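# Analysis of the macromolecular model
Chain by chain, the residues run as shown.
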Number of protein chains: 2
Amino acid sequence: MPVNLSAPVAANLLPVAGVSLGTAEAGIKRAERKDLLVIKLDDGATVAGVFTTNRFCAAPVTLAKEHLAANRGIRALIVNTGNANAGTGEQGMQAARTTCAELAKLLGCAPEQVLPYSTGVIMEALPVEKIIAGMPQAISNLKADNWFDASQAIMTTDIVAKAVSKQVQINGATVTVTGMSKGSGMIHPNMATMLGYIATDATIAQPLLQQIVSEAANRSFNCITVDGDTSTNDALMLIATGKSGVTINESNRAAMQAVVTEVATLLAQAIVRDGEGATKFITIKIEGGKDEAECKQIGYAIAHSPLVKTAFFASDPNLGRILAAIGYAGVNDLDVEKLKLYLDDVLVAENGGRAASYQEEDGQRVMGQSDITIRVVLNRGAVNATLWTCDFSYDYVKINASYRS
Amino acid sequence: MPVNLSAPVAANLLPVAGVSLGTAEAGIKRAERKDLLVIKLDDGATVAGVFTTNRFCAAPVTLAKEHLAANRGIRALIVNTGNANAGTGEQGMQAARTTCAELAKLLGCAPEQVLPYSTGVIMEALPVEKIIAGMPQAISNLKADNWFDASQAIMTTDIVAKAVSKQVQINGATVTVTGMSKGSGMIHPNMATMLGYIATDATIAQPLLQQIVSEAANRSFNCITVDGDTSTNDALMLIATGKSGVTINESNRAAMQAVVTEVATLLAQAIVRDGEGATKFITIKIEGGKDEAECKQIGYAIAHSPLVKTAFFASDPNLGRILAAIGYAGVNDLDVEKLKLYLDDVLVAENGGRAASYQEEDGQRVMGQSDITIRVVLNRGAVNATLWTCDFSYDYVKINASYRS
């Protein structure tokens, strides 16, 4: 079950003027579930995004990047679940192109003004005819106040939907930011996560929008991991419709960046809290490093260690496993005598070994919690980094040993 | 249960003249199990080894390296299970020194002529008094024909003991090589694995012995992974007693290297076959790479992917997960259109997607086997690499969520 995470409440999700969303049951993999989403944008919206760095990136990722680069203005996004259209070669590219062309026809725009997204099983042909057949239903229920339904339509192994809204005052006016994400396994984003969509009614020129989404991704989706598997289909998109009348520029950029990063962080953390089989939400803070790269390197070594993750599942303060992970992280000049390891506020290790003050019952008490912070103070520089991950349970194996069935 | 791996048969393990082994029940962690091993060497033996690269390397690793460097000739090795003496700081170093000094007294040699090894739980103080108390029992049953008992005494979560003997004719005489290893989890060696000891009755000067053991480790223990966790205590030792009368030099080195590598490979594979919770033994062949580093990088990305490992546990040919792992392995100029993926002899993917000839039932048939080969032909160079790993099951989580209890 998700760790301290509830499904969003529909009434708390604020519409973003200029964005309407419609869903359909297209029967892509199973009948009677929402599996198709169309996001329609009013003319004049700007769109930016970050995508997976996986070399086997999916056909829709390749095509979305191509359409963004065409720079004709984006009018719609289409998302299907049940099939990732990844590892599908030239046939997969054709399927993605057909999807965009058919939706463009129905909406009266050019195919290059549509961005496609897919998530689901890899290396199976996209049933494009089912997607085309589902489009009229999705278009018929397009509305602005529809983020709750939309967040459900993009779920795969997610247990709960993930969506959040925030408002901020900029230049004396209210700016709204609403976002949603999906993802639960194959989570170790390297640009973004499985899928995330954030919209605002501010006016933001495309180059600045790209900077804001990249920075937000680096502080949020690029700081989480469930299982260390970087997906073929990761994408995080940021849409700015301009309907609030507030224009973002260098002078007020910081406020906009902050709220987008906050929304992205909540959506990214929600993915970890709903990580496949997760029973614990673990924050990993690496402090006093020489640079961000080494902080993340050590943090991810801890976050990816199956031995650390299973110890947390067992609520067993077998914390030497964390020391082992720090030791093999690949920071070759690391002086282990200098670092300190804390579990929440409990000092666990220093001077190369167990702290004299450390009592097993203190470690045990923290391990019993569902939200836990591992803090490693390296004492070799001034840079910090924070990552989020979850534990590794029987249910992770169960979910992933039976995902296709 | 171990995958196609039986315990060694005592009668098949050949003594190596000049090496005697004795075990004891020292009660280090639990009563009534062999947990202490003394290996005594006749005067004149040479010893070389490779050790973990983990920065949190255990006190005995540090001390063993120091004693080897002292170059006074090694007369004994001592191994305890139940406690790794890692993450134990200065106190741990003192415990390791005391262990060597006490054994040296009993055997009549210098402390620098003893090499210490520990394996078990990390960050707990070594019960050195129990080890000292157990020494007389181990010494009292020292004998050459004792590799079977010895291989049992070094087990931790291992289900079966691991030991093998080979003989080879060199310069018209018979040279014997006998080795043993232990390990099952925290297995992603980076120099060697948890613990491995190989002895031969050939005469081999120390510098050449070091080259032979390093080369053997690179082709065996450095090519396996169970869970991607590099231990704090890894060590692979090679002992040459010279009792066969055969001297190894550049002219006959190749034959010696081949047999040591063969023994090391069998011992390394045995660790994977006995990997915690393993139900499948998976050989990963990466062919046609530009260099060994990129071949191993792609191989380990596949081997460490929890999604790939759980699919193999489920015997589910969800083979797109292998493509995803290849894609995120970090070989940034990899052309995925050029590579071919095979499962045993079945061509699964080419031209960036599923092979036209691929039938799900062919994949399903191979996935049902307990020994499976994944072959990735990169078509970008002439270098190959082979790795060995296992799947990821409920039992892995069970074992590691309860190891300390």
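Residues numbered from 1 in each chain as written. Chains lettered and ligands numbered in written order. Predicted model: local features only at pLDDT ≥ 70, side-chain atom pairs only at ≥ 80, totals over all residues.

The next point concerns the environment of Glu 102 of chain B. All names here are of chain B. Relative to the elements of secondary structure, Glu 102 occurs in helix H2 (residues 89-107). C-beta crowding within 10 Å serves as the criterion here: with 19 such atoms nearby, Glu 102 is assigned to the partly exposed category. Separated by 18 residues in sequence, Glu 102 and Gly 120 have C-alpha atoms that sit 21 Å apart. If sequence neighbours within four positions are ignored, Glu 102 has contacts with Ile 132 and Met 135. (Helix = DSSP H or I, 4+ residues; strand = E, 2+ residues; numbered from the N terminus. Buried ≥ 20, exposed ≤ 12 C-beta atoms within 10 Å, placed from the backbone. Contact = placed C-beta atoms within 7 Å.)

Moving on, we get to the sheet that holds strand S10 (residues 281-289) of chain A. Residues and elements named next belong to chain A. Reading across from one edge, S13-S12-S11-S14-S10-S15 is the order of the six strands in this open sheet, with mixed pairing throughout. Across the chains shown, the open sheet's two edge strands, defined by having one partner strand only, are strand S13 (353-354) and strand S15 (383-390). Of the strand pairs in this sheet, S10 and strand S14 (residues 371-377) are connected by seven bridges, and their pairing is parallel. If you follow Ile 282 over to S14, its bridge partner there is Ile 372. In this fold helix H7 (residues 292-304) packs onto S10, S14 and S15, with an angle of close to 25° to the strand it touches most, S15. The sheet strands contacting helix H10 (residues 360-367) are strand S11 (340-343), strand S12 (346-350) and S14, and the helix crosses S12 at an angle near 120°. (Pairing = 2+ DSSP bridges. Axes fitted to C-alpha atoms, helices over the stretch in contact; angles between N-to-C directions.)

Let us look at the interface of chain B and chain A. Opposite the 52 residues of chain B that make contact, chain A presents 53 residues. Contributions of two or more residues to the side of chain B that touches chain A are made by H2, helix H8 (306-313), helix H9 (320-327), strand S13 (353-354) and helix H11 (394-400) of chain B. Per-element accounting of the side of chain B that touches chain A gives the leading share, six residues, to H9 of chain B. For the side of chain B that touches chain A, the per-class residue count stands at 23 nonpolar, 22 polar and seven charged. (Nonpolar A, V, L, I, M, F, W, Y, C, P; charged D, E, K, R; others polar.)

By convention, interface size is frequently given as the accessible area that disappears when the constituent parts associate. Residue and element names in this part refer to chain A. One can read the domain layout of chain A as domain 1 (10-273) and domain 2 (281-400). Each of domain 1 and domain 2 was reduced to a C-alpha centroid, and the two centroids are 33 Å apart. Counting from both sides, the interface comprises ten residues of domain 1 and, opposite them, eleven residues of domain 2. (Domains from an automatic or database assignment.)

Now for unusual backbone geometry. The backbone phi angle of Asn 85 of chain A is positive, close to 45°, even though this residue is not glycine. For Asn 85 of chain A, the location among the structural elements is in the loop between strand S4 (76-81) and helix H2 (89-107).

Turning our attention to the environment of Glu 292 of chain B. All names here are of chain B. Among the secondary structure elements, Glu 292 is positioned in helix H7 (residues 292-304). Judged by the 13 C-beta atoms lying within 10 Å of it, Glu 292 falls in the partly exposed class. As for Glu 292 and Thr 386, which are separated by 94 residues in sequence, their C-alpha atoms are 9.8 Å apart. In this view, Glu 292 contacts Val 383 and Ala 385; residues no more than four positions away in its chain are not counted.

A separate point is the pairing of strand S10 (residues 281-289) of chain B. The pairing of S10 of chain B with strand S15 (residues 383-390) of chain B spans seven bridges and is classified as antiparallel. For Thr 283 of chain B, the partnering residue across the bridge sits in S15 of chain B and is Trp 388 of chain B.

Residues and elements named next belong to chain A. With their axes 8 Å apart at the nearest point, H7 and helix H9 (residues 320-327) run at an angle of 135° to one another. Viewed along their axes, H7 and H9 adopt a mutual orientation that is oblique. Handedness of the H7/H9 crossing: right-handed. Across the interface between the two elements, Ile 298, Ala 301 and Ile 302 of H7 pack against Ile 322, Ala 325 and Ile 326 of H9. By residue class, the composition of the contact of H7 with H9 is six nonpolar, no polar and no charged. (Parallel < 35°, antiparallel > 145°, perpendicular 65-115°, else oblique. Left-handed = near helix turned anticlockwise from the far one by under 90°.)

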